[in-house]
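What follows is the residue order along each chain.
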Amino acid sequence: MPHSFQTDDARLRPIHDKVALGERLNPDDALALFRSGDILAVGWLANFVRESLHGDKTYFNVNRHINPTNVCVAACRLCAFGRRKDAAGSYTMALEEAFETAASGYTEAVTEFHIVGGLHPDLPFQYFLDLVSGLKQRFPQVHLKAFTMVEVAYLAKRAKLSIRETLEALKAAGVDSLPGGGAEIFADRVRHIICDHKIDGNEWLDTAKLAHQIGLRSNATMLYGHVENDEDRVDHLLKLRAVQDETGGFQTFIPLAFHPENTALQHLPKTTGMLDIKQIAVSRLVLDNFPHIKAYWQMMTSKIAQIALRFGADDIDGTVIEEKIYHDAGATTPQGMQRQDLIRLIREAGREPIERDTLYRPVTRTETSVTVAV
Ligand code: V47
């Protein structure tokens, strides 16, 4: 480890020594990191781990979001996207409409569709199976990262299937992996306030385990910057780390900053840059068994995401195209970005851009073709 680590925060010294030796951090270490004002020292440690794992490599992909419906029975206080079925602004795509959306508005060949939506009380399970198989048939080269643990659990309940059967049916229809959404904060006290009617934290974790067991990789998220405290965030990270020890099925951790606008919690202030950056750094240090930490530019703004690439993050997400969940909650970032813009952000951070597919295999492009190294 280079000797340039400096801090006046005595609590960070033993953490530095553990990081240098590759030792696992404990809950008190994680709390000390969250409570330290020395963001440069915390960032130095996170960057050390990030560079040990990935050097300068910084991953991005060319993806498109598809949100088939915003109709949702959950009415989470954190959310500005979901609507009751008969409310103004509610929508549900017919299958053909979803296929057209998948194909539309973009010239660069996408390698991933990120598909998530509301918990619709009437759409049959078959709609989702047909959506997935129809997309696979039309876009066989595109990876389908579809349905959060929360959606999977709801589909299982409605179809009267077990979670495993539901996951197996989705996989057979063409789902390739699962996104990380819906995790929010696992602590019951917080979940009761921000997303009372969602599955609880243990159900989210159990669904992730089952997905991993049947060979589907997934991501994991954490929604921060609302009514949670430092202990809740540490608890969330440690629960994810424990599942990852068991299954190894998580690819990327994505901390998501709460956007209060148009939600039932809009009286809360937005997160600050300090917390956004610290959250990335602490995640990198605590989640020692997660290969990747993503600075989701749509959520952090491309400016903070770029800085995060030197504070522990090795991934900046993708071109996204048509983000809805954050924009309904007041995000002012563009709804998508060109591949070249992402490359520029990464290069200007002094990092090496690597286009990846969803499973982190390098993607090579020529004028006429897109190849994924296997
Ligand atoms: O689960 C909803 C969050 C998530 C708000 O897996 C909000 O690669 C902030 O999970 N303010 C969906 N956050 C997004 C998500 C995601 C994004 C990018 C990449 C991946 C991945 C996953 O957005 C929800 C919820 O936690 N969310 N409303 C809000 N007002």
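Residues numbered from 1 in each chain as written. Predicted model: local features only at pLDDT ≥ 70, side-chain atom pairs only at ≥ 80, totals over all residues. Heavy atoms only, no water.

The subject of this paragraph is the pairing of strand E4 (residues 143–146). The side-chain alternation of E4 yields two buried faces, one formed by His143 and Lys145 and the other by Leu144 and Ala146. Two strands pair when backbone bridges link them, and strand E3 (residues 112–115) and E4 are joined in this way by four bridges, in the parallel orientation. Bridged to Phe113 within E4 is Leu144. Each parallel crossover has a hand, and for E3 linked through helix H5 (residues 125–138) to E4 it is right-handed. (Buried < 20%, exposed > 50% of the residue type's maximum accessible area, 1.4 Å probe, protein only. Helix = DSSP H or I, 4+ residues; strand = E, 2+ residues; numbered from the N terminus. Pairing = 2+ DSSP bridges. Right-handed = clockwise from strand over helix to strand, strands pointing away.)

Attention now goes to the packing of helix H10 (residues 230–247) against helix H11 (residues 273–286). Taken N-terminus to C-terminus, the directions of H10 and H11 make an angle of 35°; their axes are 11 Å apart at the nearest point. Handedness of the H10/H11 crossing: right-handed. In this structure, H10 uses Arg233, Leu237, Leu238 and Arg241 to contact H11, whose residues at the interface are Leu275, Gln279, Val282, Ser283 and Val286. (Axes fitted to C-alpha atoms, helices over the stretch in contact; angles between N-to-C directions. Left-handed = near helix turned anticlockwise from the far one by under 90°. Contact = heavy atoms within 4.5 Å.)

Moving on: the pattern of salt bridges. This model, assessed by the stated rule, comprises 27 salt bridges. Between Arg233 and Asp230 there is a salt bridge; the shortest N-O distance is 3.3 Å. One end of the pair, Arg233, and the other, Asp230, are both in helix H10, three residues apart, so they sit about a helical turn from each other. A salt bridge links Asp357 to Arg361, with the shortest nitrogen-to-oxygen separation between them at 2.8 Å. (Salt bridge = Lys/Arg side-chain N within 4 Å of Asp/Glu carboxyl O.)

The buried fraction of strand E7 (residues 250–257) is high, at eight of eight residues. Alignment of strand E6 (residues 217–224) against E7, held across six bridges, turns out to be parallel. Across the sheet, the residue bridging to Ala220 is Phe253, located in E7. The pairing of E7 with strand E8 (residues 292–293) spans two bridges and is parallel. Across the sheet, the residue bridging to Phe253 is Ile293, located in E8.

The next thing to look at is the side chain of Glu184. Positionally, Glu184 belongs in the loop between strand E5 (177–178) and helix H8 (188–194). Among the polar contacts made by the side chain of Glu184, one reaches the side chain of Lys198 at a distance of 2.5 Å. (Polar contact = N/O pair within 3.5 Å; in protein donor to acceptor, adjacent residues only side chain to side chain.)

With that settled, the discussion passes to unusual backbone geometry. Although it is not a glycine, Ala75 sits at a positive phi angle of roughly 50°. By secondary structure assignment, the location of Ala75 is in the loop between strand E2 (63–66) and helix H4 (95–103). Here Ala75 falls in the partly exposed class, since its relative accessible area comes to 47%. If you check the backbone angles, Phe147 has positive phi at about 75° while not being a glycine. Mapped onto the secondary structure, Phe147 falls in the loop between E4 and helix H6 (149–159).

Turning our attention to the nonpolar core. A general tendency of soluble globular proteins is for nonpolar side chains to be buried together. Formed by 115 residues in total, the largest nonpolar core has its most connected members in Phe113, Leu135, Phe147, Trp204 and Leu240. When residues of this core are assigned to their parent elements, the largest contribution, seven residues, is made by H5. Apart from residues no more than four positions distant in its own chain, Leu135 is found in contact with Ile66, Phe99, Ala102, Phe113, Ile115 and Leu144. (Core = buried A, V, L, I, M, F, W, Y, C linked by side-chain atoms within 4.5 Å.)

Turning to the packing of aromatic side chains, a few remarks are in order. Tallied over the entire structure, the rule returns 10 aromatic pairs. Ring geometry for Trp44 and Phe48: centres 6.0 Å apart, planes at 5°, overall stacked. Linking Trp44 with Phe48, this pair stays in helix H3 (residues 39–54), spanning four residues, or about one helical turn. A relative accessible area of 21% means that Trp44 is categorised as partly exposed. Relative accessible area serves as the criterion here: at 22%, Phe48 is assigned to the partly exposed category. Aromatic side chains Phe186 and Trp204 sit 5.6 Å apart centroid to centroid with 45° between the ring planes, which places their arrangement in the tilted category. In this pair, Phe186 sits in the loop between E5 and H8 while Trp204 sits in helix H9 (residues 201–213), placing the two residues 18 residues apart along the sequence. (Phe/Tyr/Trp six-rings, centres within 6.5 Å; stacked < 30°, edge-to-face > 60°.)

Take it as geometry only, folks, not as evidence of what the structure does.
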